[in-house]
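Residues per chain are reported as follows:
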There are 2 protein chains.
Amino acid sequence: MTDAETHKQKMKKMQAEHRAKVSEAGDPGRGLVLVHTGNGKGKSSSAFGVVVRALGWRQTVGVVQFIKGSWITGERQFFDRLGGVTWHTMGEGFTWDTQDRARDIAAAQAAFARARQMMESGDFDLLVLDEINIALRYGYLSAEEVLEGLRARADRTGVILTGRDAPAEICAYADLVTEMTEVKHPYHNGIKAQRGVDF
Amino acid sequence: MTDAETHKQKMKKMQAEHRAKVSEAGDPGRGLVLVHTGNGKGKSSSAFGVVVRALGWRQTVGVVQFIKGSWITGERQFFDRLGGVTWHTMGEGFTWDTQDRARDIAAAQAAFARARQMMESGDFDLLVLDEINIALRYGYLSAEEVLEGLRARADRTGVILTGRDAPAEICAYADLVTEMTEVKHPYHNGIKAQRGVDF
């Protein structure tokens, strides 16, 4: 075979594989549970990328932010101006801003109660529980109650859970787990977090 | 110290670290180069999440897609309806749809010429070169020409390069490299790619 023929054969095979992947036949008939974890960048930003995709298909989307309360982020400003995304932010901001564990626990519990209501309502195609893994890591929420909430979600509702150190029980339940690994990070070279890139 | 005091101490330390990270003082005075690579999900969606952040801060954003030509994606529909993002998609779609190597090379080269122009123009705060690593992997573009383009970019312009198998030379030049690793993937359980989640 010539190079061009080899290339054509290879691409035909990939085309067939791709078509099989996106075929409607494989619709699981329920929203998937995705976990974005690891120490690298992209856990939340990737969830917001999926929000954009879902909105592109005119799906209904909600976001509950478990940690980033009072910090002004680009994504928050963007979706506020855009409208149409139901957005709930937990209490008073980063845990290191409140410095009061009892208040943090109450705020996380209240945010999860809201998330649970949204998961069960049947009103959403996609819910992002942003940084919920951090609330789990600090023991503000238990893996059992989060799993219980996921199990009770409406069939149509997919859920993305972000944050480092996702608990093993939740990864075991999830359909998809991606670990974002930091290979090289600019903070190590003295570059600070950037508007538009990091928040 | 009581538990509450220990917690408060720890959070104070984290607050100080966080403030140091986001301080304006660390502004590198130029747009960063970010690479999203690895075999996991979230490379492109994370780039689109960063687009949302940048737009939230009213920055100017451009996207050049190197592979996903004719495939209708949620992100494309979303940003088309939104307006304000300069969007360029390479030729005729996935390489496995054209099955013609010479045509693919020409299309990739044309897309990169456009990307280069956008990088040098000084008109953009952020440019996403989506799936450019795939064009590099197939040899449609060389790492040298891409590096040359990155070096010639305007100071204000940050660039995100996505796709698996990012070349080592480009990772060495980048400010930040994140590897998205597939820990668990629903395709392995017979679930096909989902609208709103995967495209």
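Our subject is the structure listed above.
Numbers given to residues run from 1 along each chain, matching the order in which its sequence is written. In the order they appear in the text, chains get letters beginning with A and ligands get numbers beginning with 1. Given that this is a predicted model, residues contribute local features only at a pLDDT of at least 70 and side-chain atom pairs are listed and counted only at 80 or more, while totals for whole chains, interfaces and linings are drawn from all residues. Heavy atoms throughout the structure, all of them, feed into the side-chain values; hydrogens and water do not.

### Some remarks on the overall build of chain A
Quick reminder of the rule: Secondary structure elements follow DSSP: runs of H or I no shorter than four residues count as helices, runs of E no shorter than two count as strands, and numbering proceeds from the N terminus. Think of it in three bands: with a 1.4 Å probe and only protein chains considered, a residue is buried below 20% of the maximum accessible area for its type, exposed above 50%, and partly exposed in between. The Shrake-Rupley method, run with a 1.4 Å probe, gives the accessible areas here. Residue values count only the displayed protein chains as cover.
Within chain A one finds 8 helices and 6 strands. Start at the N end of chain A and walk to the C end: the helices and strands fall as α-β-α-β-α-β-α-α-β-α-α-β-α-β. Across the 199 residues that make up chain A, the buried fraction comes to 56%. For chain A, the accessible surface area stands at approximately 8100 Å², while carbon and sulfur atoms represent 47% of it.

### Considering unusual backbone geometry
Phi at A:Glu131 takes a positive value of approximately 65°, unusual for a residue other than glycine. Positionally, A:Glu131 belongs in the loop between strand 4 (126-130) and helix 6 (132-137). For A:Glu131, a relative accessible area of 13% puts it in the buried group. Backbone geometry at B:Arg58 places phi at a positive 60°, although glycine is not the residue there.

### What about the packing of helix 5 (residues 101-121) of chain B against helix 7 (residues 143-151) of chain B?
Residue and element names in this part refer to chain B. Operational definition: Angular values range over 0 to 180 degrees, each being the angle between N-to-C directions of two axes fitted as lines to C-alpha atoms, with helices fitted over their stretch in contact. When describing relative orientation, an angle under 35 degrees is termed roughly parallel and one over 145 degrees roughly antiparallel, while 65 to 115 degrees is termed roughly perpendicular and anything else oblique. What makes a crossing left-handed is the near helix being turned counterclockwise from the far one by less than a right angle; a clockwise turn instead makes it right-handed. Working rule for contacts: check all heavy atoms of both residues, and any pair within 4.5 Å makes them a contact. Classification convention: Asp, Glu, Lys, Arg as charged; Ala, Val, Leu, Ile, Met, Phe, Trp, Tyr, Cys, Pro as nonpolar; all other residues, Gly among them, as polar.
At a closest axis distance of 9 Å, the pairing of helix 5 and helix 7 adopts a crossing angle of 20°. Looking at the two axes, helix 5 sits roughly parallel to helix 7. The two elements helix 5 and helix 7 cross, and the hand of that crossing is left-handed. Residue-level inspection shows Gln109, Phe112, Arg116 and Met119 of helix 5 in contact with helix 7, the latter providing Glu145, Val146, Glu148, Gly149 and Leu150. For the contact of helix 5 with helix 7, the class distribution of residues is 4 nonpolar, 2 polar and 3 charged.

### Some words on the packing of aromatic side chains
The test is simple: Pairing of aromatic side chains here covers Phe, Tyr and the six-membered ring of Trp, requires ring centres within 6.5 Å, and sorts the geometry by plane angle: under 30 degrees stacked, over 60 edge-to-face, intermediate tilted.
Counting across every chain of the model gives 13 aromatic pairs over all chains. Here the aromatic rings of A:Phe48 and A:Phe79 are separated by 6.0 Å at their centres, their planes lie at 40°, and the arrangement is tilted. With A:Phe48 in helix 2 (residues 43-56) and A:Phe79 in helix 3 (residues 74-82), the pair connects residues that are 31 residues apart, well separated along the chain. Neither A:Phe48 nor A:Phe79 differs from the other in exposure class; each is buried. Here a set of aromatic residues connected by ring pairs shows up, and it is made of A:Phe48, A:Phe78, A:Phe79, A:Trp87, B:Phe48, B:Phe78, B:Phe79 and B:Trp87.

### As for helix 7 (residues 143-151) of chain A
Residues and elements named next belong to chain A. Definition in use: Think of the arc as the fan of directions from the helix axis to the C-beta atoms.
Among the residues of helix 7, those classed as buried are Ala143, Val146, Leu147, Gly149 and Leu150. Taken down its axis, helix 7 places every buried residue within 160° of arc, on the same side. Among the exposed residues of helix 7, those pointing more than 90 degrees away from its buried face are Glu144 and Arg151. Structurally, helix 7 contributes buried residues whose contacts are with strand 1 (33-37), helix 5 (101-121), helix 6, strand 5 (158-162) and helix 8 (168-173).

### Examining the sheet that holds strand 2 (residues 61-65) of chain B
Note the threshold: Two strands qualify as a pair provided that DSSP identifies no fewer than 2 bridges between them.
One open sheet accounts for 12 strands, arranged 3(A)-2(A)-4(A)-5(A)-1(A)-6(A)-6(B)-1(B)-5(B)-4(B)-2(B)-3(B); its pairing is mixed. Each end of this open sheet is capped by a strand with a single partner; those strands are strand 3 (86-89) of chain A together with strand 3 (86-89) of chain B. Put simply, the sheet's adjacent strands are angled 15° from each other on average, direction ignored. Pairing geometry for strand 2 (residues 61-65) of chain A and strand 4 of chain A, over 5 bridges, is parallel. Bridge pairing in strand 4 of chain A links A:Gln65 to A:Asp130.

### Overview of the environment of A:Asp100
All names here are of chain A. Selection criterion: For the purposes of these results, a polar contact is taken to be a pair of N or O atoms within 3.5 Å, where, inside protein, one atom must be able to donate a hydrogen and its partner to accept one; residues adjacent in sequence count only when each atom of the pair is a side-chain atom.
Take Asp100: it is sitting in the loop between helix 4 (95-98) and helix 5. Look at Asp100 and you get partly exposed, because its relative accessible area is 30%. From its side chain, Asp100 meets the backbone nitrogen of Arg103 in a polar contact 3.2 Å long.

### Digging into the side chain of A:Asp175
All names here are of chain A. Summarising the element assignment, Asp175 is placed in the loop between helix 8 and strand 6 (176-184). Take Asp175: its relative accessible area is 10%, and that puts it in the buried class. Reaching out from Asp175, the side chain makes a polar contact with the side chain of Arg30 at a distance of 3.0 Å.

### Describing the side chain of A:Thr157
Residue and element names in this part refer to chain A. Mapped onto the secondary structure, Thr157 falls in the loop between helix 7 and strand 5. Overall, the relative accessible area of 0% leaves Thr157 in the buried class. Apart from residues no more than four positions distant in its own chain, Thr157 is found in contact with Gly31, Met119, Phe124, Asp125 and Leu127.

### Quick notes on the nonpolar core
Note the following rule: To form a nonpolar core, buried Ala, Val, Leu, Ile, Met, Phe, Trp, Tyr and Cys residues must be joined to one another through side-chain atoms within 4.5 Å.
Ranked by size, the top nonpolar core spans 40 residues in total, and within it A:Val51, A:Phe79, B:Val51 and B:Phe79 carry the most contacts. Every element with two or more residues in this core is listed here: helix 2, strand 2, helix 3 and strand 4 of chain A together with helix 2 (43-56), strand 2, helix 3 (74-82) and strand 4 (126-130) of chain B. The contact partners of A:Val51, leaving out residues within four places of it in the chain, are A:Val61, A:Phe79, A:Leu126 and A:Val128.

### Quick look at the pairing of strand 4 of chain A
All names here are of chain A. The buried fraction of strand 4 is high, at 5 of 5 residues. Summarising the sheet, strand 4 and strand 5 pair through 4 bridges and their orientation is parallel. Each residue of the ladder has a partner; that of Val128, found in strand 5, is Ile160.

### Some thoughts on the packing of helix 2 of chain A against helix 3 of chain B
Packing of helix 2 of chain A against helix 3 of chain B brings their axes to within 7 Å, and their N-to-C directions diverge by 75°. Regarding the angle of helix 2 of chain A to helix 3 of chain B, the classification is roughly perpendicular. Contacts between helix 2 of chain A and helix 3 of chain B involve A:Val52, A:Arg53, A:Leu55 and A:Gly56 from the first element and B:Gly74, B:Glu75, B:Gln77, B:Phe78, B:Phe79 and B:Arg81 from the second.

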